[in-house]
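# Geometric and topological summary
The chain contents come next:
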Amino acid sequence: MRMYEISKRTVMEAFKKVKANKGAAGVDDQTLTEFEGNLKNNLYKIWNRMSSGSYFPPPVRMVEIPKSDGKVRRLGIPTVGDRIAQMVAKMYLEPLLEKQFHEDSYGYRPNKSAHDALAKTRERCWKYAFVIDLDIKGFFDNLDHELVMRAVKKHTDCKWLLLYIERWLTAPIETGDGQREERTKGTPQGGVISPLLANLFLHYAFDEWMKRNHAQNPFERYADDIVVHCRTLEEAKRLKQAIEERLKSCKLELHPEKTKIAYCRQDSQGGGADAGKFDFLGYTFRPRLAKNKNGNYFVGFLPAISNKAVKRIRETMRSWQLEKQSRKEIDELADEINPKITGWINYYGKFYKSALTSLFASLNGRLLKWARKKYRKLGRSKLRAIKWMEKVSREQPKLFAHWGIVRTYI
C-alpha cells in the first residue's frame, strides 16, 4: 500500500545527483558502481519503502579526519542507498526553505558560493572597523533534535518528510571497529540532508535573531562559519556576549578560544581587539599592499590564502613524491597533478592571487628534482636542469596549470 506520494522520477533524479557527487561506501561497503550494477531493482526498493512508510535508514559509517590542531573531525558516511533517499527528501524540502533563507547565508545553497561570501566580507571590512569571528563548538555534533524538528515543522506538514528526517537524525553511528552508538543529538557531517538541516537551524538560531535584534550589524554565514561586522570595539564586545547567550539558549556553545574580535584597519586604533586579522573559508583577512585602478599602491584589509591552507597544500604536494617518479614522462605527471592544482587556483586564486607564488615556486622546485632524477645529464648540473625546465615551459606554457602564475623555483 502506498501511504505517501513520492515520484519514481524523483528517485531517479536523486540517484543522478548522488552519482555526480561521488562519495565513499557506507557501512554495507557498497560502492556507487556496485549499486548501479542492479540499478532498477535498487531504486525500486528505495521508492517502495519510502512510499509505504517502511524506510529505515541504516547506521552511518563514522570516519575520523585529522584536523590541523591535532584533533579529528568526525564525518558520517551514509550508504549509497541512504544518500539517494536523503537526496529525495532534500529535493522536496529545499525549494520550501530556499526562498525563506537570509541573503547573507551562503553555504550549500543554489547559486551561492564561498567566493560570494568572501567578496561580501571584503566589501564590508572596508566599511566596518571590527569583525567578530565566530566559532561554534562542535556544531554538527550538537544540534538539538527537538529544535531541528520544530524548525522543519514551520515549513512543512508533509508526513513522510517529517517521519524520515526524524529517523535520519536518530540513525545510529557505526565506528571503525564495528561498534554502534545511539545518537540523541547532532546530524552527521557528511549526510546529504545534514547541510540543509544545519542551515535551517541557524536560520532561526542566528540569522532571524540578528535580523530582529541587530539589523545594523551585517554578517556573512557559510554553514557554521560566521563573521559579523561592527563599527566600534565596544559594540563588538557587547554583540559577542549577546550572540553567546543566544546560542546557549539554542543549546550551542561558542568556542572560547577560537571566537575573537579582529580589527580591520592597518592603524593602531583597535588595540583592544583580539587580533588584526582573521580567517574565513580558507582565506586570511589582514592589511595587505594592493594597487588601485590608477596604478597607485595602497594598504587594504584584504583576503588571501591562509597559512593553514598553504600548509595543507604543501603536505599534499609532498605526498606526491614527484622526485621518486622518474619512470614517468613529464606529461604524465601533468595529467596526474593538474586537476588538484587547477582546483587550488580556482579557489585560492580568486583573491590576491600573488599569494600563491611561493607555493607554486616550491612545486616547480619539486619538478626540478624530478627532472634531475630522470635525466642523468641534468642531475650533474642544477643550472642545466633549470634551463631545460625553462625551455619546456616556453614550448608548452600550459603543460602545468600553475605555470600561468609562476615559473621560478624554490
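Shown above is the structure to which this text applies.
## Digging into the sheet that holds strand β7 (residues 225–230)
Taken together, 4 strands build an open sheet; the order of strands is β6-β7-β3-β8 and the sheet is antiparallel. Of all strands in the sheet, those bounded by a partner on one side alone are β6 (219–222) and β8 (260–263). The sheet shows a mean angle of 20 degrees between the axes of neighbouring strands, taken without regard to direction. Direction of pairing for strand β3 (residues 130–135) relative to β7: antiparallel, over a ladder of 6 bridges. Among the inter-strand pairings, aspartate 133 is bridged to a residue of β7, identified as valine 227. Packed on one face of the sheet, helix α9 (residues 194–213) meets β3, β6 and β7 and runs near 175 degrees to β6. Against the sheet, helix α10 (residues 233–249) contacts β3, β7 and β8, and its axis sits at roughly 20 degrees relative to β3.

## Remarks on the nonpolar core
Counting residues in hydrophobic clusters, the biggest one holds 70 residues, and the most contacted among them are Met50, Ile84, Val228 and Ile243. By residue number, the principal contributor to this core is α9, which donates 10 residues. Sequence-distant contacts of valine 228, defined by excluding residues within four places in its chain, comprise Phe130, Val131, Ile132, Leu134, Phe206, Met210, Asn217, Pro218, Phe219, Leu239 and Ile243.

## So, the packing of helix α1 (residues 8–21) against helix α3 (residues 39–52)
Think of two packed helices as two axes; the pair is described by the angle between the axes and how far apart they sit. As a packed pair, α1 and α3 sit with axes 10 Å apart at the nearest point and diverge in direction by 120 degrees. Here α1 is positioned oblique relative to α3, judged by the angle of their axes. When you trace α1 past α3, the crossing you get is right-handed. Here α1 contributes Lys8, Val11, Met12 and Phe15 to the contact with α3, which in turn contributes Leu39, Leu43, Ile46 and Trp47. A breakdown of the residues in the contact of α1 with α3 according to their chemical character gives 7 nonpolar, no polar and 1 charged.

## Notes on the packing of α3 against helix α4 (residues 80–98)
Interaxial distance between α3 and α4 falls to 10 Å at its minimum, and their mutual angle equals 50 degrees. Considered as vectors, α3 and α4 are oriented oblique to each other. Read as a crossing pair, α3 and α4 show a hand that is right-handed. Facing Leu43, Ile46 and Met50 of α3, the residues of α4 in contact are Gly81, Ile84, Ala85 and Val88. Considered class by class, the residues forming the contact of α3 with α4 number 6 nonpolar, 1 polar and no charged.

## Re unusual backbone geometry
Outside of glycine, negative phi angles account for most residues, and trans bonds account for most peptide bonds. Although it is not a glycine, glutamine 321 adopts a positive phi angle of roughly 50 degrees. Structurally, glutamine 321 is set in the loop between α11 (307–320) and α12 (330–348). The phi dihedral of tyrosine 352 is positive, around 50 degrees, even though this residue is not glycine. With respect to the helices and strands, tyrosine 352 occurs in the loop between α12 and α13 (357–374). A relative accessible area of 27% means that tyrosine 352 is categorised as partly exposed.

## Looking at the side chain of arginine 221
Mapped onto the elements, arginine 221 comes out in strand β6. On the accessibility criterion, arginine 221 (0% relative accessible area) is buried. Apart from the residues lying within four places of it in its own chain, the contact partners of arginine 221 are Asp104, Ser105, Tyr106, Gly107, Asn199, Leu202, His203, Phe206, Asp207 and Ile226.

Conventions used here
The written sequence of each chain sets the order in which its residues are numbered from 1. Local features in this predicted model are restricted to residues whose pLDDT is 70 or higher, and side-chain atom pairs enter the listing and the counts only when it is 80 or higher, whereas totals over whole chains, interfaces and linings include all residues. Only heavy atoms go into the side-chain values, all of them from the structure, while hydrogens and water stay out. When DSSP locates at least two bridges between a pair of strands, those strands are taken to pair. Comment: elements are numbered from the N terminus, with helices defined as DSSP H or I runs of at least four residues and strands as E runs of at least two. Lines fitted to C-alpha atoms define the axes here, with helix axes fitted over just the stretch in contact, and angles between the N-to-C directions of these axes take values from 0 to 180 degrees. Residues count as neighbours in contact if any of their non-hydrogen atoms are within 4.5 Å of one another. Put simply, a nonpolar core is a bunch of buried Ala, Val, Leu, Ile, Met, Phe, Trp, Tyr and Cys residues held in one set by side-chain atoms that sit within 4.5 Å of each other. When accessible area is computed with a 1.4 Å probe and restricted to protein chains, residues below 20% of their type maximum are described as buried, those above 50% as exposed, and intermediate ones as partly exposed. Note that the term roughly parallel is reserved for angles under 35 degrees, roughly antiparallel for angles over 145, roughly perpendicular for angles of 65 to 115, and oblique for everything else. Here a crossing is called left-handed whenever its near helix is offset anticlockwise from the far helix by less than a right angle, and right-handed whenever the offset is clockwise. Each residue gets one of three labels, nonpolar for Ala, Val, Leu, Ile, Met, Phe, Trp, Tyr, Cys and Pro, charged for Asp, Glu, Lys and Arg, and polar for the others, Gly among them.

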